[in-house]
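Structural characterization, general
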Amino acid sequence: MPILHIDGDAFFASCEQARDPSLKGKPVVTGKERGIAASLSYEAKARGVKRAMPLFEIKKICPDVIILPSDYETYSLLSKRFFEIVRRYTPDVEEYGVDECFADITGLLAHRSLGEGGRHSYKGMAEHLQQTLTRELGFTFSIGMAPSKVLAKVGSKWNKPHGLTVITQDTISQFLEKLSAGDVWGIGPQTAAMLARYRIGTALEFARQTESWITAHLTKPHIEIWHELNGRSVMPLMLEEKTDYESIQKFKTFTPPSTDRAFVFSQLVRNLENACAKARRYGLAARGVGIVLRTQEFRHAGCEIMLERPSALPGEILLSLQAAFDMIYVSGTQYRATGVFLIKLAPERFDQPDLFGKILKALNVRKVYDAVDALNRKYGKYTVGLAASLKAQQFAQHEGERGDAPIRKHELFKGETGRQRLAIPMLSIKI
Amino acid sequence: MPSYSELLAATGLRSKNAVYKIVEKLKDAGLVDKDVQGRLIPGPRWNAVRLLGTVAAGWPSPAEEELLDTMSLEEYLIENKEATFMLKVSGDSMKDAGILPGDMVLVERREEARNGEIVIAEVDHQWTMKYYRKSGGTVQLIPANAKFSPIIPKEQLKITAVVKAVIRKY
């Protein structure tokens, strides 16, 4: 049964090159607003630029580099299109990340979207898909085709960019002997180190272990990987769109760093509002909230609070959040980022009465948030929010050069606003 | 109306007797009837019931049914959603085709064009939007403005997209 893993090549940088074809063939780096490289084009990679490298360092080794602010709106639009195109070939698609997915194409050779050319083999089908993605989206993807997810992932990484690597039951060992066990998807450094102590260095040596040895020394996730490496598919594709979150986190950096207590708190509250909005969208409520403050020296302070009742209503959580913030905030310290984690999520419900009638009040607050969500949907996010996050709204998230907004946010069409734009990616070509 | 053997094939049932039972039920409900030779004909209630999705009870409003045959402006303008991008026009070389500076054009990303389509292309390292004309072996890019002359690619012609619609909001 052929499973595909399809991986966008340098996804964010490629989105930029697709949006503006004059960037093709040039070293492009995204992440201007963060001060470090978030994604880099293959041309930048060839010049020695690495991910997470500070921008000033990049300019030294690659003076003609083009540094762009992240345009997550365009990346998200193109990511959705990527999955939709794959779904033309098979309904069985697992969206694994913004830039990668798994697809099961078993038994779909006669699919009408293929035309005559693609129908002869599964490889032909994968080639057809790869060409369609490149033609319609304007950048390349690498594909691995194999009997299992773990092997398909080995395949897509094998020959980047624009590679198509087929691994069959008969050729598994040729690939795994050249791959170290630690490079297999799902085997972390801890496990790799443990395997090394038993003189298991390559993925092939790992795959060749007996089942009794594997079950005696490892736990379920790694036993599954062992099966998958041997070509036995035991990890099903997760076909549902993810609506079931264990936790939701919102973490944001701001520049310049700040010692202003009210400003830092407002950043934290904005993260709370964003996280709660996402929880409400999925009908979830949090039993606990974690907060973290990051200083300019990358030191972290954090704490966790339990809520009296599960909630996704910032107005209800605010007082507890304030108390937690007061506990960890240190005056005079320069902070650069705040984060909020909603934890122990469960379906939101209002049917458990309590002694003090809090539930009745919460029900009313919930109605307020129905209106808030409707307003923000209609007029764009942050239209209505808590006064406590106002300071975060009043200032650009990043001042100075890092505050440059992506072109999409200021090259507007009549009727588009700073808050809401058409859900179609824009080509930046001057004609 | 279908024959019994056609119904047999369509339902996947094993015997005509099973088909017969279903037909009898439909007959009881007044949906079908039999003519003198026993062939199926529409019954008195044929066409009276509108099968509309999963509307379980009540009559659908006429508007609901008629609107099934309409499309949204988005569906009208965009054929291949995944390949469609928007682009802001800055020059006036296509003004006689009704495309003015500031207009939005919806373009479909592909690398080949048919004769007469308006293309977005890179010609000898310059980006342009023009009519694509191919006659014999030569390609010309034709403007829709007397002030401009047709372009004949010398070194390179790379089509990026084809214009599918122009939108101007007042």
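Residues numbered from 1 in each chain as written. Chains lettered and ligands numbered in written order. Predicted model: local features only at pLDDT ≥ 70, side-chain atom pairs only at ≥ 80, totals over all residues. Heavy atoms only, no water.

The subject of this paragraph is the overall build of chain B. The helix and strand tally for chain B stands at four helices and eight strands. Ordered by position in the sequence, the α and β elements of chain B form the string α-α-β-β-α-α-β-β-β-β-β-β. Expressed as a percentage of its 170 residues, the buried residues of chain B come to 32%. Expressed as a percentage of contacts within chain B between residues at least 6 apart in sequence, the contacts between residues at least 24 apart total 47%. Roughly 11,100 Å² of accessible area belongs to chain B as shown, and the carbon and sulfur atoms make up 54% of that amount. (Helix = DSSP H or I, 4+ residues; strand = E, 2+ residues; numbered from the N terminus. Buried < 20%, exposed > 50% of the residue type's maximum accessible area, 1.4 Å probe, protein only. Contact = heavy atoms within 4.5 Å. Areas by Shrake-Rupley, 256 points an atom, 1.4 Å probe, with all protein chains shown as cover.)

Below, the discussion takes up the interface of chain A and chain B. Taken together, the contact between chain A and chain B spans 27 residues of the former and 26 residues of the latter. Counting the surface chain A buries against chain B, the share from its top three residues, Phe-413, Leu-427 and Ile-431 of chain A, is 31%. Taken together, the links from chain A to chain B amount to one salt bridge. At the boundary of chain A and chain B, one finds 12 residue pairs in polar contact (both at pLDDT 80 or more). Elements supplying a minimum of two residues to the side of chain A that touches chain B: α4 (72-87), α5 (122-137) and β13 (426-427) of chain A. (Buried area = accessible area lost by both parts, 1.4 Å probe. Salt bridge = Lys/Arg side-chain N within 4 Å of Asp/Glu carboxyl O. Polar contact = N/O pair within 3.5 Å; in protein donor to acceptor, adjacent residues only side chain to side chain.)

Time to look at the domain arrangement of chain A. Residues and elements named next belong to chain A. For chain A, the assigned domains read domain 1 (3-147) and domain 2 (248-426). Contacts between domain 1 and domain 2 engage 14 residues on the former and 15 residues on the latter. When domain 1 packs against domain 2, close to 1,200 Å² is buried across both sides, 54% of that on carbon and sulfur atoms. Summed over the shared surface of domain 1 and domain 2, the number is two salt bridges. In this structure, Arg-408 and Glu-73 form a salt bridge, with 2.6 Å as the shortest nitrogen-oxygen distance. In terms of residue count, α4 provides more of the side of domain 1 that touches domain 2 than any other element does, five residues in total. Here the side of domain 1 that touches domain 2 is built from residues that sort into three nonpolar, three polar and eight charged. (Domains from an automatic or database assignment. Nonpolar A, V, L, I, M, F, W, Y, C, P; charged D, E, K, R; others polar.)

To continue, consider the packing of α4 of chain A against α5 of chain A. All names here are of chain A. It is at 10 Å that the axes of α4 and α5 come closest, and there the two elements cross at 145°. In this structure, the crossing between α4 and α5 has a hand that is right-handed. Residue-level inspection shows Leu-78, Arg-81, Phe-82, Ile-85 and Val-86 of α4 in contact with α5, the latter providing Leu-129, Thr-132, Leu-133, Glu-136 and Leu-137. When grouped by side-chain class, the residues that make up the contact of α4 with α5 number seven nonpolar, one polar and two charged. (Axes fitted to C-alpha atoms, helices over the stretch in contact; angles between N-to-C directions. Left-handed = near helix turned anticlockwise from the far one by under 90°.)

It is worth spelling out the pairing of strand β7 (residues 138-142) of chain B at this point. All names here are of chain B. The pairing of strand β6 (residues 126-135) with β7 spans five bridges and is classified as antiparallel. Each residue of the ladder has a partner; that of Ser-135, found in β7, is Thr-138. Between β6 and the antiparallel strand that follows it, β7, lie two residues; Gly-136 among them carries a positive phi value of about 60°. (Pairing = 2+ DSSP bridges.)

Next up on the list: the side chain of Arg-110 of chain B. Residue and element names in this part refer to chain B. Structurally, the position occupied by Arg-110 is in the loop between β4 (104-109) and β5 (118-123). A residue is classified by how much of its surface remains accessible, and Arg-110, at 12% relative accessible area, is buried. Here Glu-112 takes part through its backbone oxygen, which lies 3.2 Å from a polar atom of the side chain of Arg-110.

Take the pairing of strand β12 (residues 335-347) of chain A next. All names here are of chain A. The element β12 is largely enclosed, with a buried count of 10 among its 13 residues. Here strand β10 (residues 284-295) runs beside β12; their pairing, made up of 11 bridges, is antiparallel. Bridge pairing links Ala-285 to Ala-346 in β12.

On to the sheet that holds β7 of chain B. With mixed pairing, seven strands are arranged side by side in an open sheet as β13(A)-β3(B)-β4(B)-β8(B)-β5(B)-β6(B)-β7(B). Single-partner strands in this sheet number two, and they are β13 of chain A together with β7 of chain B. The pairing of β4 of chain B with strand β8 (residues 157-167) of chain B spans six bridges and is antiparallel. Paired with Glu-108 of chain B across the two strands is Val-162 of chain B, which belongs to β8 of chain B.

Attention now goes to the sheet that holds strand β3 (residues 39-40) of chain A. All names here are of chain A. Read from one edge to the other, the open sheet built from three strands follows the order β3-β2-β4, with strand pairing classed as mixed. A strand with exactly one partner marks an edge of an open sheet, and here the two such strands are β3 and β4 (66-68). Where strand β2 (residues 28-30) meets β4, three bridges bridge the pair, whose relative direction is parallel. Bridge pairing in β4 places Val-29 opposite Ile-67. Lying on the sheet, helix α1 (residues 11-19) is in contact with β2, β3 and β4; it crosses β2 at an angle near 120°.

On to the packing of aromatic side chains. Enumeration according to the criterion identifies 17 aromatic pairs over all chains in this entry. Judged by centre distance (5.8 Å) and plane angle (70°), the ring pair of Tyr-96 of chain A and Phe-102 of chain A falls under edge-to-face. Ring centres 5.3 Å apart and planes at 90° place the aromatic pair Tyr-96 of chain A and Trp-185 of chain A in the edge-to-face group. Residue Tyr-96 of chain A is found in strand β5 (residues 93-97), and its partner Trp-185 of chain A is found in the loop between α7 (172-176) and α8 (189-197); the two are separated by 89 residues along the sequence. For Tyr-96 of chain A, a relative accessible area of 37% puts it in the partly exposed group. Through pairs of rings, three or more aromatic residues link up here, namely Phe-11, Phe-12, Tyr-72, Tyr-75, Phe-82, Phe-83, Phe-139 and Phe-141 of chain A. If you follow Lys-45 of chain A out to its NZ or CZ, it ends over the ring of Tyr-42 of chain A, 4.6 Å from the centre. Lying across the ring of Phe-413 of chain A, Lys-88 of chain B places its NZ or CZ 5.1 Å from the centre. (Phe/Tyr/Trp six-rings, centres within 6.5 Å; stacked < 30°, edge-to-face > 60°. Lys NZ or Arg CZ within 6 Å of the ring centre and 35° of its normal.)

Residue and element names in this part refer to chain A. Here the amide bond leading from Lys-160 into Pro-161 is cis, since omega sits at -5°, within 30 degrees of zero. Among the structural elements, Pro-161 can be located in the loop between α6 (149-158) and β8 (164-166). The amide bond that connects Thr-255 to the next residue, Pro-256, takes the cis arrangement and shows omega of -5°. Within the secondary structure layout, Pro-256 lies in strand β9 (residues 248-258). Residue His-162 is not a glycine yet carries a positive backbone phi of 60°. By secondary structure assignment, the location of His-162 is in the loop between α6 and β8. We classify His-162 as partly exposed; its relative accessible area is 42%. Although it is not a glycine, Lys-344 adopts a positive phi angle of roughly 50°. Structurally, Lys-344 can be placed in strand β12. The class for Lys-344 is partly exposed, based on a relative accessible area of 44%.

What follows concerns the nonpolar core. Among soluble globular proteins, nonpolar side chains are generally buried collectively. Counting 43 residues, the largest nonpolar core has Leu-4, Ile-6, Phe-82 and Leu-129 of chain A together with Val-107, Ile-120 and Met-129 of chain B as the members making the most contacts within it. For this core, the element with the most residues is α4 of chain A, which contributes six residues. Not counting the four nearest positions on each side in its chain, Ile-120 of chain B is found in contact with Ile-429 and Ile-431 of chain A together with Leu-87, Val-107, Trp-127, Thr-128, Met-129, Lys-158, Ile-159, Thr-160, Ala-161 and Val-163 of chain B. Of all hydrophobic cores here, the second largest spans 35 residues; its members include Ile-291, Ile-328, Val-340 and Val-372 of chain A. (Core = buried A, V, L, I, M, F, W, Y, C linked by side-chain atoms within 4.5 Å.)

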